[in-house]
Amino acid sequence: MDSDQSYILLSPITAWEKLQQNLHGEDFQQIYNDHFPIEVRQLLSPWFETKAWTEIDPDNLEHEGYIKGLFVSFVDEIVSKSNSMVNNEQFVSKLKLIDTAKLYKEKYSQNPKELIRIIKKCLESESLMAQQNNSLMEVNVKSSQELENIEIMQQMELISNHITHTNEIRMTIQSDIDSFNILYSECSKCTQHLQHMRNQRMSIPQGPEIERKLKQEKELYEGQLKTQSLSLNNALCVYINKLNESLNLLSPVQAHIIDKALIQWKREQQLAGNGYKYMKDIDVIQTWCEKLCDLIWITRSQIKEADRFRVNLGRYFELPQSCEIINTLLDMTTQYLSSLVASTFVIITQPPQVLKTNTRFVAEVRLLIGGKLNIHMTSPVVKVSIVSESQANQIIGRNKPDGESCGEILNCTGKMEYQPVQRHLSTNFRSMQLKKIKRTEKKGTESVMDEKFSILFSSKFFIGNELQFEVWNLSLPVVVIVHGNQDPHAWATVTWDNAFAEPGRVPFNVPDKVPWRNVAEALNMKFSAATGRGLSEESLTFLAEKAFRMQNVDFNHMVLSWSQFCKEPLPQRSFTFWEWFYAVMKITREHLKGPWTDGAIMGFIRKSDAEEMLTRYATGTFLLRFSDSELGGLTVAWAGSNDSDAYSLHPFSAKDLSIRNLADRLLDLPYLTKLYPDIDKNQAFGKYYTQPPNISTPVTSNGYLKPLLVTHVPGWGGPGTNGQGMNSYPNTPQNHMFHVNSPGNCSIRETSSVHSEPVNNMMAFGNDSLEMDFSSNLNDISHVDEAFF
């Protein structure tokens, strides 16, 4: 058993560190006391995390032997820890441990299950509190997102109110201009009449008097026009200032949406390639973008109105600098709109990051503001091409695709369609296919699986009759392969890039060396997404030892290189660390997901450690571990009849488990009785057993006898015998009682693997059976090797 499910880590920190992050001091005070001091919990935290506390039942008589051994091991661990504390700073802690060990020996030696019950209750309490705090954290994350949405919408409402007020000023100016035009017209008529009277003054007796009155009227009009012109000039200045304020209010909101929210969503989308779960909702971001687009467009229309006012009033009087200011504001809104349109052309469904030639793939792109500005009325066309890393850099540098491509993609164009209910303007590419690819020259140890490409999506469309937009977006890095055996290395490239790419990087640069803690987090995220259960701290330590090729080191401050990750073979092996990890992940996902999720597979433990552990337990106790020597192999290690005996079965491959699943193979071996540490085999794997055939009707409809393939280890009792040469039905569990060996009486020994052979058990009429050994291992049955990320 790997460790208690409640202590499985979802990040590369110890379970105790995680608890300290999630719990407060008062929480620990509620849990721990003199019966189980918190100092013991802290100093022995690694030891606690190796035990399956949820499986231990102090009231179960069958667990008595294990509990006695656990008690002895616990006290020995306290003594060992105290003896290792030699620094003066640890003197008080050392005394505490010594006193605790003495107390436990005196108080619980005759009744160890009482102490185990206390410890179990404390661990359950801290687990429950941690779960409650985790739930609270999830609520806080959700609340934080809701708060962000409220703040953004409040800012939008503030800008909207400001724009409404600005529009009222515009309407007032328009009304004043209309009045000014009427007054100007009346003044012009008066001027014309006055000029006419001056020309006719000798022929009209009352001419001088009329001329005098017309002159007074003209002066009155001119005075009113001067007053109104000053008022209009001031009003226009106020209006222009209001427009400038609108842009100042729009700028931080747009920066938050484009430079923070969308960038974070894109980063989460890349991490999702490693198994991360999205936190940002693209539909919420779309709502923000649509509202922002409306506000920018209204502001732009108001600025154009200001320019119209300037032109109309410029016929009557000068408006110093207004033309330059208005043009600047108009350019700013066009820039805001262009940035918004370009940034909201997003890839909703990314193409597969490991892309096999001549294989169909899908993708989806969406324009988040596609329902605005009548863009959807033109049904823009989206084109797709594939570009190299250098071409991607050129596109970003020029901020424009140049039409170059390094490959040929079929079905690479599509029209954007609008779904009014969801307000989505998008294109779904459902049957694209990469026909050929042009690669760059390789240097040194580079391989084709190191080379990164990107799928380029581009489109052009107009808004109105004045603005043309050319939008584009590059997909996440893509590795192109031609054969399934290139999958592991290709996924190494993709996984490393997804995990360690930095925002705003030059495509597709990633660091060559990364802190182990970050690597561990990426591996855990990947494994958890693929298999349904994350990696414990012990598993991550095991992986660190394998990756760094060393043991008993603090890996938290070490950095792992790309070469160590997937280039350099492991010692005395022909495969790399990543190839080993990938194969383990693959067989777990495809054939072991249920038992792994249940915690029935320890998995990440060295052969020698597993066998040393088993010698402390009852005969027939077994555990499951991933093979060190074979890619994607799962082996069974079990305790023999003597204290020093432990055996390991030759690893099962994915092909083996596709022929007969793990649970049935374990059932075939009756001498395997207890899953480490003390869980009945049928309890752990019973739900995965294949339903046995009906013995009363062994003949199938076509008249043939149906063979049954079972697992048999030569020299050991098998499913066809009960250990004494007696026949028995293969799916009948064998029950054996074994004594519990003392945990202290153990020795470390290397043993050879025991090979298993499939047995063809043919059911004849009646209850007799005939056993036959197969040596071919059914080589004609092939295993489909598919990528699963």
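Everything discussed here concerns the structure shown above.
Remember, predicted model here, so these are calculated numbers, not experimental data.

### Some thoughts on the overall build of the protein
Part 1: On a plain count of helices and strands, the protein comes out with 21 helices and 22 strands.
Part 2: Sequence separation of 24 or more characterises 71% of the internal contacts of the protein that already satisfy a separation of 6 or more.

### So, the sheet that holds strand β9 (residues 453-463)
Strands pair in a sheet through their backbones, by hydrogen bonds, and they do so in one of two ways: parallel or antiparallel.
Part 1: The sheet built from four strands is open, its strands ordered β6-β4-β9-β10 with antiparallel pairing. The open sheet is flanked by β6 (413-415) and β10 (467-474), the only strands paired with a single partner. Taking the axes of each pair of neighbouring strands and ignoring which way they run, one obtains an average angle of 25° across the sheet.
Part 2: Contacting β4 (381-388), β9 and β10, helix α11 (residues 389-398) crosses the sheet at an angle of about 125° to β4.

### Quick notes on the side chain of D628
Part 1: Take D628: it is sitting in the loop between β14 (621-626) and β15 (634-639).
Part 2: Here the side chain of D628 touches K546 through a polar contact of 2.9 Å, side chain to side chain.
Part 3: Those residues in contact with D628 that sit more than four places away from it in its chain are F542, K546, R573, F575, W580, R606 and K607.

### With respect to unusual backbone geometry
Part 1: Between P507 and the following residue, F508, the backbone shows a cis peptide bond with an omega angle of -15°.
Part 2: Cis geometry is adopted by the peptide bond preceding P677, which originates at Y676 and carries an omega value of 5°.
Part 3: In this structure, N399 takes a positive phi of about 55° despite not being glycine.
Part 4: For N399, the position within the fold is in the loop between α11 and β5 (407-410).
Part 5: The exposed category is assigned to N399, whose relative accessible area is 57%.
Part 6: The backbone of R549 shows a phi angle near 60°, a positive value even though the residue is not glycine.
Part 7: When you line up the elements, R549 lands in the loop between α14 (537-548) and β13 (559-561).

### Section: the packing of helix α12 (residues 487-500) against helix α13 (residues 516-531)
Part 1: Across the interface, α12 lies against α13 with an axial gap of 10 Å and an inter-helix angle of 115°. α12 and α13 meet at a crossing whose hand is right-handed. Every residue of α13 that contacts α12 at W491, T495, A499 and F500 is listed here: N518, V519, A522 and K526.
Part 2: Class assignment of the residues belonging to the contact of α12 with α13 gives a composition of five nonpolar, two polar and one charged.

### Observations regarding the environment of V75
Part 1: Within the secondary structure, V75 is located in helix α5 (residues 64-83).
Part 2: Overall, V75 belongs to the buried group, its relative accessible area being 2%.
Part 3: Considering only alpha carbons, one finds V75 and T100, 25 residues apart in sequence, at a separation of 8.7 Å.

### Brief notes about a nonpolar patch on the surface
Part 1: Residues F91, V92, L95 and I98 make up a contiguous nonpolar surface patch of about 390 Å² in total accessible area.
Part 2: With respect to the helices and strands, I98 occurs in helix α6 (residues 91-108).
Part 3: Assessed through its relative accessible area of 39%, I98 is described here as partly exposed.

### With respect to the packing of aromatic side chains
Part 1: Applying the stated criterion across every chain yields a total of 33 aromatic pairs.
Part 2: Judged by centre distance (6.1 Å) and plane angle (55°), the rings of F565 and F577 are tilted. Of this pair, F565 sits in helix α15 (residues 562-566) while F577 sits in helix α16 (residues 577-591), placing them 12 residues apart in sequence.
Part 3: Both rings, one in W578 and one in F581, keep their centres 5.8 Å apart while their planes meet at 40°; by these two values the pair is tilted. Here W578 and its partner F581 are both found in helix α16, three residues apart, which amounts to about one turn of the helix. Taken individually, W578 and F581 each receive the classification buried, so the pair is uniform in this respect.
Part 4: Sitting over the face of the ring of W580, K546 holds its NZ or CZ atom 4.6 Å from the ring centroid.

### Regarding the nonpolar core
Part 1: I285, L367 and F457 are the most contacted members of the largest nonpolar core, which has 83 residues in total.
Part 2: A domain-level breakdown of this core finds at least three residues from each of domain 2 (139-339) and domain 3 (350-439 + 446-482).
Part 3: Excluding its chain neighbours within four sequence positions, the residues that come into contact with I285 are I257, A261, L262, W265 and L368.
Part 4: The next biggest cluster of nonpolar side chains, apart from the first, holds 67 residues, and it includes W516, A544, F565 and A654.

### Examining helix α9 (residues 282-314)
Spacing of three or four residues puts side chains on the same side of an α-helix, whose turn is 3.6 residues.
Part 1: Between its terminal C-alpha atoms α9 stretches 47 Å, which fits the 48 Å expected from 33 residues at 1.5 Å a residue.
Part 2: A distance of 3.0 Å separates the backbone nitrogen of D283 from a side-chain oxygen at the start of α9, and that oxygen is part of D281.

### Looking at the pairing of β14
Part 1: Within β14, six of the six residues are buried, which leaves it mostly tucked inside the rest of the structure.
Part 2: Every second residue of β14 is oriented toward a common face, with T621, L623 and R625 on one face and F622, L624 and F626 on the other, all of them buried.
Part 3: The sheet contact formed by β14 and β15 spans five bridges and is antiparallel. Bridging across to β15, L623 finds its partner in A637.

Analysis parameters
In this numbering scheme, every chain counts its residues from 1 along its sequence in written order. Since the coordinates come from a predicted model, pLDDT governs what is reported: local features require at least 70, and pairs of side-chain atoms require 80 or more to be given and counted, while whole-chain, interface and lining totals use all residues. Water and hydrogen atoms were dropped before computing side-chain values, which therefore reflect all heavy atoms in the structure. Helix and strand assignments come from DSSP, with helices taken as H or I runs of at least 4 residues and strands as E runs of at least 2, each series counted from the N terminus. Pairs of residues are marked as contacts when any of their non-hydrogen atoms sit within 4.5 Å. Note on pairing: two strands pair once DSSP finds at least 2 bridges between them. To obtain each axis, a line is fitted to C-alpha atoms, and for helices this fit is confined to the stretch in contact; angles are then taken between N-to-C directions over 0 to 180 degrees. Between N or O atoms, a polar contact is any pair within 3.5 Å; within protein, one atom must be a potential hydrogen donor and the other a potential acceptor, and residues adjacent in sequence are included only when both atoms are from side chains. The buried label applies to any residue whose accessible area, calculated with a 1.4 Å probe on protein chains only, is under 20% of its type's maximum; exposed applies above 50%, and partly exposed to all values in between. In a left-handed crossing the near helix is turned counterclockwise from the far helix by less than a right angle, and in a right-handed crossing that turn is clockwise. All residues other than Ala, Val, Leu, Ile, Met, Phe, Trp, Tyr, Cys, Pro, Asp, Glu, Lys and Arg, Gly among them, are scored as polar; the first ten of these are nonpolar and the last four charged. Two distance rules govern patches: like charges are joined within 9 Å, and nonpolar side chains (Val, Leu, Ile, Met, Phe, Trp, Tyr) within 5 Å, applied only to residues with over 30% relative accessible area and no salt bridge. Calculation of accessible area relied on Shrake-Rupley with a 1.4 Å probe; when residues are assessed, cover is drawn exclusively from the protein chains displayed. Salt bridges are defined by distance alone: a side-chain nitrogen of Lys or Arg within 4 Å of a carboxyl oxygen of Asp or Glu. What counts as a ring pair is set by centres within 6.5 Å for rings of Phe, Tyr and Trp (its six-membered ring), and what kind of pair is set by the plane angle: stacked under 30 degrees, edge-to-face over 60, tilted for all other angles. Charge-over-ring contacts are defined here by two conditions on Lys NZ or Arg CZ: a distance within 6 Å of the ring centre and an angle within 35 degrees of the ring normal. Residues grouped as a nonpolar core are buried Ala, Val, Leu, Ile, Met, Phe, Trp, Tyr and Cys residues, joined through side-chain atoms within 4.5 Å. All the domain ranges listed were derived from an automatic or database domain assignment. Helix span is expected to be 1.5 Å times the residue number reduced by one.

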